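Results of the structural survey
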Amino acid sequence: MTDEAIGSGDDLDEARRQWSELNEMLTKAQQAYYGADAPTSSDEAYDEAMRALQALEQRHPELASPDSVTQKVGAATITDFAPVAHRQRLLSLDNITTDVELTTWLARSGEGPWLCEVKIDGLAINLLYLDGDLETAATRGDGRVGENVTHNVRTIDGIPHTLRGDDVPAVLEVRGEIFFPVAAFEELNAALVEAGKAPFANPRNAAAGSLRQKDPTVTASRPLQMIVHGVGERDGLDVTSQSGTYEQFAAWGLPVSPLYKVLETPEAVEEYIAHYGEHRHDVTHEIDGVVIKVDDFPAQARLGITSRAPRWAVAFKYPPEEVNTKLLDIRVNVGRTGRVTPYGVMEPVVVSGSTVEMATLHNTHEVKRKGVLIGDVVVLRKAGDVIPEIVAPVVALRDGTEREFVMPTHCPSCGTELRPQKEGDKDIRCPNSQSCPSQLRERLFALAGRGGFDIEALGWEGAQALLAEGLLVDEGGLFELTAEDLLRTEIYTRGAKKQEIEDRGEAPVGGVKDGRVLSSTGEKLLANLEQAKSQPLWRVIVALSIRHVGPTAARALAQRFGSMDAIRAASLEDLAFTDGVGHVIAESVKEFFDVDWHVAIVDQWAASGVRMADEVDESTPKTLAGLTVVVTGTLPNFSRDEAKEAILSRGGKASGSVSKKTDFVVVGENAGTKAEKAEQLGRPMLDEDGFRKLLEGGPEAVAGAEA
Ligand code: IVH
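The sections below set out a description of the structure shown in this document. (Residues numbered from 1 in each chain as written. Predicted model: local features only at pLDDT ≥ 70, side-chain atom pairs only at ≥ 80, totals over all residues. Heavy atoms only, no water.)

What follows concerns the overall build of the protein. Along the backbone of the protein there are 26 helices and 22 strands. Residues counted as buried form 47% of the 707 residues belonging to the protein. Partitioning the contacts of the protein with sequence separation of at least 6, the portion at a separation of at least 24 is 66%. Of note, the protein has its 74 positive side-chain charges centred 2 Å away from the centre of its 111 negative side-chain charges. (Helix = DSSP H or I, 4+ residues; strand = E, 2+ residues; numbered from the N terminus. Buried < 20%, exposed > 50% of the residue type's maximum accessible area, 1.4 Å probe, protein only. Contact = heavy atoms within 4.5 Å. Lys, Arg positive; Asp, Glu negative; His and termini not counted. Charge placed at Lys NZ, Arg CZ, Asp CG, Glu CD.)

This part is about the pattern of salt bridges. According to the stated counting rule, one finds 30 salt bridges in the structure shown. Between Glu147 and Arg212 there is a salt bridge; the shortest N-O distance is 2.6 Å. Placement of the pair is Glu147 in strand β6 (residues 145-147) and Arg212 in the loop between α7 (203-211) and α8 (216-220), with a sequence separation of 65 residues. Judged by relative accessible area, which is 16%, Glu147 ranks as buried. In this structure, Glu475 engages Arg443 in a salt bridge whose closest nitrogen and oxygen atoms are separated by 2.6 Å. Of this pair, Glu475 sits in the loop between α14 (460-468) and α15 (483-486) while Arg443 sits in helix α13 (residues 437-447), placing them 32 residues apart in sequence. For Glu475, a relative accessible area of 2% puts it in the buried group. Counted as one network, the salt bridges with shared partners bring together Arg280, Glu286, Glu321, Glu322 and Arg381. (Salt bridge = Lys/Arg side-chain N within 4 Å of Asp/Glu carboxyl O.)

Inspection of every chain in the model, using the stated rule, returns nine aromatic pairs. Between Tyr246 and Tyr260, the ring centres sit 5.0 Å apart and the planes meet at 75°, which makes this aromatic pair edge-to-face. A residue pair is termed long-range when its members are at least 10 positions apart, and Tyr246 in helix α9 (residues 242-251) and Tyr260 in the loop between α9 and β9 (261-263) qualify at 14 residues. Between Phe479 and Trp605, the ring centres sit 5.9 Å apart and the planes meet at 90°, which makes this aromatic pair edge-to-face. Linking Phe479 in the loop between α14 and α15 with Trp605 in helix α23 (residues 596-607), this pair joins segments that are 126 residues apart in sequence. (Phe/Tyr/Trp six-rings, centres within 6.5 Å; stacked < 30°, edge-to-face > 60°.)

Residues Phe453, Ile455, Leu478, Ile541 and Trp605 are the most contacted members of the largest nonpolar core, which totals 57 residues. In contact with Leu478, not counting residues within four places along its chain, are Leu444, Leu447, Ile455, Leu458, Leu472, Leu529 and Trp605. Counting residues in hydrophobic clusters, the runner-up holds 34 residues, among them Tyr129, Val149, Phe185 and Trp252. (Core = buried A, V, L, I, M, F, W, Y, C linked by side-chain atoms within 4.5 Å.)

Along helix α19 (residues 551-561), the residues classified as buried are Ala553, Ala554, Arg555, Ala556, Leu557, Ala558 and Phe561. Tucked into the core, α19 has its buried residues touching α18 (537-543), α20 (564-569), α21 (572-576), α22 (582-593) and α24 (640-649). Positive phi appears at Gly562, one or two residues downstream of α19, with a value of about 80°.

As a further point, take the site of the ligand. For the ligand, the set of nearby residues contains 14 residues, the closest of which are Val118, Lys119, Ile120, Glu177 and Lys293. A distance of 3.2 Å separates a nitrogen atom of the ligand from a polar side-chain atom of Glu117. The side chain of Lys119 places a nitrogen or oxygen atom 3.1 Å from an oxygen atom of the ligand. Elements supplying a minimum of two residues to the shell around the ligand: β3 (114-120) and β10 (287-294). The element contributing the most residues to the shell around the ligand is β3, with four residues. Residue composition of the shell around the ligand, grouped by class: eight nonpolar, one polar and five charged. (Near = heavy atom within 4 Å. Polar contact = N/O pair within 3.5 Å; in protein donor to acceptor, adjacent residues only side chain to side chain. Nonpolar A, V, L, I, M, F, W, Y, C, P; charged D, E, K, R; others polar.)

With mixed pairing, the five strands of this open sheet are ordered in space as β2-β11-β10-β3-β9. Each edge of the open sheet is held by one strand with a lone partner, namely β2 (95-96) and β9. Relative to strand β11 (residues 313-317), β10 is paired through five bridges, and the arrangement is antiparallel. In the sheet register, Gly289 faces β11, and the bridge partner there is Lys317. Strands in contact with helix α10 (residues 266-278) are β3, β9, β10 and β11; relative to β3, the strand with the most contacts, it is inclined by about 15°. (Pairing = 2+ DSSP bridges. Axes fitted to C-alpha atoms, helices over the stretch in contact; angles between N-to-C directions.)

Following this line, the structure appears as structure tokens:
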């Protein structure tokens, strides 16, 4: 670790310590003031501490947890609920996050078995049953004193008002977690927004908000659920293990998780953790880790507890998928088709293992729907590999300096007035498609891509540099770029002293300009451009950025018409008649060629030597004419693209999914569901050898030779 990292870690630790201190002091003060009616601090001291806590959370948004007093708005919510002293303290859990910590903890905790269960991201509740009747339900509070939410808890489905059976204990404190199922949470937020109200930041807040309602009918309208995870004071509970407790609880009608497991070995515990790490989102509620408990009660007693948490249990926490960060700005991006999309710029944070500082906000409607303001602390979510999303603002942390996002009226890239393409479109666009630098940059980047001209040395930054230097007005001039031109950019050049070059006897491509020569990327760009001129027609079509025309449609057009001229001259019907094209694409192609500057690009490319017709390849026999072939899994000697090319060049159709219409399925290594489907549908299957025979001699060559 570097000194700096240690330093910032210390800062955060110190901030965390201050936070706990302030939060505890304020919580106590609130309880004393509102609960016991005996203030423990002056209003001034209280206000000052609150301001300090808010400032701390502004500086370290990651500290602003829902447990913070800053999130408990106003006195009303607090006065509404009377304090309840728990009979036994509600403990916390120590957290671990690494395999090493897990191994150490398991070794210290004894021989097992361990009860593993998911850690529910909700809020803790303590239910007191006296002679089997639900007496009080209280929130965790500070662990000793919570808030009485009995009326609301009584409305929750699945929490028995009376325990079932005739062996119920005289006293029983049941601990568990109240949560909001994820699917229902999404519906609730949609409904809140629809009604013009602020949405909840996450299911946990929704659960808390729904439970802390003055009016129990509101709680009743929310689909809250509970799962038990422990026991406090008891008199008449005759069990000797955690799992025994759950079994007994289930028999009395209490909601026990179906996901817990009693495991005998550390390896099995590791597997359980890995499993739910992968299947985190397959559970109906949010989980933020796994809780591992020594199952046996006598063993639990021997291990004992520390000041706040048991030594016999631990929480293995998964990397957080939601963090708080500051939304510094909302800017707009102009895409390839001119669509204007707002995106949030945030203070960089690590979430789900990667650093995030930007997230799309899609359109103005979405910004409104989320209710985010520039300057807000926001909840940022990145679930696994999913694109990061700004979920909601943390409204309680607003200080009045936040401002609303206003969609610009003019393109930030070229200044043209923005407008929807059609009446009623949600998106607005920059209509200057020919020369808006932003659109042009995206088009250049796309045309250089692997599905287009495949110009490796032209990336997003390269495109940006060529435009910034005014070397291109549109993509028409791309193949006219010279070494001289590239020497005007930074990205394609390197500085070198003329003398040095002469001394080394080098003769740089493009010569030397102001002491600069082309960099290897610069040289590569020129070579790439030269090669790109003889790319097959379908790639040239893709490179034109015609709406709806991707590689599949482009291949179909190229195959049917053979040249750009023929495509240009084709009638709408003729285009639409092409297999794999259809009306929408045909119309789009027609519209494209109706625009003068589009035609000018094609002409300019042709004049620069870009090949505009496919050579009619008589050498490859059309052995697969009229056949549909699916390739699945990995073949030893064909890449995906090569296999596809081999099929297409022989007049066949390469499809991605198996159906009754599939003629052959080529099955490679690690083929999955497609092979199963082929089996089910009884489609002929071939290995690589069979595939080669098929390519060479058509269906007759493989008759009866299926894999
Ligand atoms: S056991 C003595 N089990 O996590 C052990 N807690 O971070 C007490 N939680 O306060 C807790 N799921 O509110 C336990 N399966 C689970 C849990 C769980 C969620 C909560 C609980 C606790 C907090 C500690």
